[in-house]
Amino acid sequence: MKTNPTPSTADELRAEIKRLKEEKNALIMAHYYQRDEIQEIADFIGDSLALARQAARTDADIIVMCGVHFMGETAKILCPEKTVLVPDPAAGCSLADSCDPAEFEKFVAAHPGHTVISYVNTSAAVKALTDIVVTSGNARQIVEKLPEDEKIIFGPDHNLGEYINSVTGRSMVLWNGACHVHDRFSLDKIAEMKREHPQAKVLVHPECRRPLQLIADKVGSTAALLDFASKDDAPEYIVVTESGILFEMRRKCPGKRFLAAPAEDAECQCNECDFMKLNTLRKVYEALRDGRHEIVVDEETARKAVRPIKRMLEMSE
Ligand code: 13P
Ligand code: SF4
C-alpha cells in the first residue's frame with residue numbers, strides 16, 4: 001500500500017492506520033464508549049473484561065488501546081513483552097482517581113483478615129494491593145465463588161459494591177468511590193423518560209446509583225447490556241450508561257430504538273465520559289506512526305498487580 005505522509009481527511013487517516021497496522025503487526029482495541037469513528041476501525045471492541053482477555057491472547061506486537069489509561073495498563077501488565085500505546089495519555093478515569101493507593105493501603109490495613117477485591121477501574125498501584133481484580137462483567141460470579149463467610153473489602157466503586165452485595169447477600173466493606181458519569185444519572189429524569197416511552201426497557205450499568213439499579217430491567221456491564229438488548233424482544237430501550245455504547249447497540253440491533261438517558265444537568269453532556277472521548281482517529285494514527293504514548297508500569301508494581309488480574313481471568317473462564 002502507498003504511504004501518505006500527511007493524511008488529512010478521515011478516509012486518508014483510516015487508510016494510513018490500516019497500512020501502519022499491517023506494517024507493524026498492531027492490533028487496535030476499543031472500548032464501547034469510544035467515539036464511533038474509532039469503534040468503526042477497531043479490530044476488537046469490548047467491555048473491560050473482553051479487552052483484558054483479548055490482550056492476554058493476542059499475538060500482535062503492538063496493542064493500541066483506545067479506551068482509558070487503566071485499560072492500557074491492564075494490557076501492559078498482562079503482556080509485558082508487548083508495546084501498549086494509548087492515543088491520548090490524558091484519558092484517565094474519575095473512578096480510578098477516586099482511589100488513592102496510599103489511602104487504599106490504609107483501608108486494607110484497617111481491615112485485617114479481609115480478602116481485597118478491586119474493580120478493574122483502578123491504577124496498577126491499587127491492583128498491586130489487591131487479591132482479586134473484577135470487572136462489572138464478572139464481579140458477581142467471582143464473589144459467589146468465595147466461601148459465604150469470607151470477609152471482603154471492595155473498592156473503589158461504591159454503587160457497584162452495593163449492587164454486588166444486594167445480589168449475592170454478602171456484606172462486603174465498601175470504599176466510597178464513584179464515576180463522575182454514572183453517579184450523575186437522575187432517577188427523576190429517567191422516570192420521566194419511562195412515562196414518555198412506556199414500552200421501553202431500562203438498561204443500567206452497575207456504576208449507577210442504587211435507586212436506578214432498582215428500576216432497571218437489566219443491570220450489567222456494557223457487554224451484558226448489549227447482549228440483553230440483542231436477545232430481548234422490546235422495541236425500545238433507555239440506556240443508562242455512557243452514550244458511546246449506542247453505536248454498537250444500533251449496529252447489533254438495527255430494528256430497535258435506543259435512547260440515551262440524560263444526566264442530572266441538561267446543560268452538559270453528562271452521559272459522555274470526557275476521558276473516553278479524548279481519543280480520536282488522528283491520535284490513533286499518530287500513536288501508531290510514532291509509537292507515541294507507550295504505557296510503562298514499573299516492574300515491582302507489575303509483578304504484584306499481575307497476580308490478581310490473572311486470578312480474575314482464571315476465576316471467570
Ligand atoms: P465495562 O467493563 O462494563 O465496559 O465498564 C467500563 C467502564 O469504565 C464503565 O464506566
Ligand atoms: Fe472511568 Fe466513568 Fe469514564 Fe468509565 S465512564 S472510564 S468509570 S470515568
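These figures come from a predicted structure and were not determined experimentally.

About the cut-offs
Residues numbered from 1 in each chain as written. Chains lettered and ligands numbered in written order. Predicted model: local features only at pLDDT ≥ 70, side-chain atom pairs only at ≥ 80, totals over all residues. Heavy atoms only, no water. Pairing = 2+ DSSP bridges. Helix = DSSP H or I, 4+ residues; strand = E, 2+ residues; numbered from the N terminus. Contact = heavy atoms within 4.5 Å. Axes fitted to C-alpha atoms, helices over the stretch in contact; angles between N-to-C directions. Salt bridge = Lys/Arg side-chain N within 4 Å of Asp/Glu carboxyl O. Buried < 20%, exposed > 50% of the residue type's maximum accessible area, 1.4 Å probe, protein only. Near = heavy atom within 4 Å. Polar contact = N/O pair within 3.5 Å; in protein donor to acceptor, adjacent residues only side chain to side chain. 1 Å grid on protein atoms, 1.4 Å probe; cavity = no way out; pocket = protein on both sides within 12 Å on 5 of 7 lines; lining within 4 Å. Sits in = over half its atoms within 2 Å of the grid points. Nonpolar A, V, L, I, M, F, W, Y, C, P; charged D, E, K, R; others polar.

**Student:** An account of the sheet that holds strand S9 (residues 201-204) is requested, with residue identities and associated values reported.
**Tutor:** Overall, parallel pairing links the 4 strands, which are arranged S10-S9-S11-S12 in an open sheet. Each having just a single partner strand, strand S10 (218-219) and strand S12 (257-260) make up the two edges of the open sheet. Pairing of strand S11 (residues 236-240) with S12 involves 4 bridges; the strand directions are parallel. Considered in S12, the bridge of Tyr-237 is made with Phe-258. The sheet contacts of helix H10 (residues 187-196) involve S9, S11 and S12, and relative to S11 the element is tilted by about 175 degrees. Against the sheet, helix H13 (residues 245-252) makes contact with S9, S11 and S12, and its axis sits at roughly 170 degrees relative to S12, the strand it touches most.

**Student:** I'd like a rundown of the pattern of salt bridges, residues and numbers included.
**Tutor:** For the structure on display, the rule yields 21 salt bridges. The residue Glu-103 makes a salt bridge to Lys-106 at a minimum N-O spacing of 3.2 Å. Separated by 3 residues within a single helix, Glu-103 and Lys-106 lie in helix H6 (residues 101-109), roughly one turn from each other. Taking the relative accessible area as the measure of exposure, Lys-106 reaches 53% and is therefore exposed. With its nearest N and O atoms 3.0 Å apart, the salt bridge here joins Lys-231 to Asp-227. Pair noted here: Lys-231 and Asp-227 are both in helix H12 (residues 222-231), with a separation of 4 residues, about one helical turn. Residue classification places Asp-227 among the partly exposed residues on the basis of a relative accessible area of 36%. Taken together, the shared-partner salt bridges connect Arg-282, Glu-286, Arg-289, Asp-290 and Arg-292 into one network.

**Student:** Summarise the site of ligand 1; cite the residues concerned and give the values.
**Tutor:** Looking at ligand 1, the residues that line it are His-31, Tyr-33, Asp-47, Ser-48, Asn-121, Ser-136, His-182, His-205, Glu-207, Ser-221 and Thr-222. Here an oxygen atom of ligand 1 and a side-chain polar atom of Asn-121 are 3.2 Å apart. With respect to ligand 1, the side chain of Ser-136 contributes an N or O atom lying 3.0 Å from an oxygen atom. In this structure, ligand 1 is accommodated by the largest cavity. Looking at the shell around ligand 1 residue by residue, the class counts come to 1 nonpolar, 8 polar and 2 charged.

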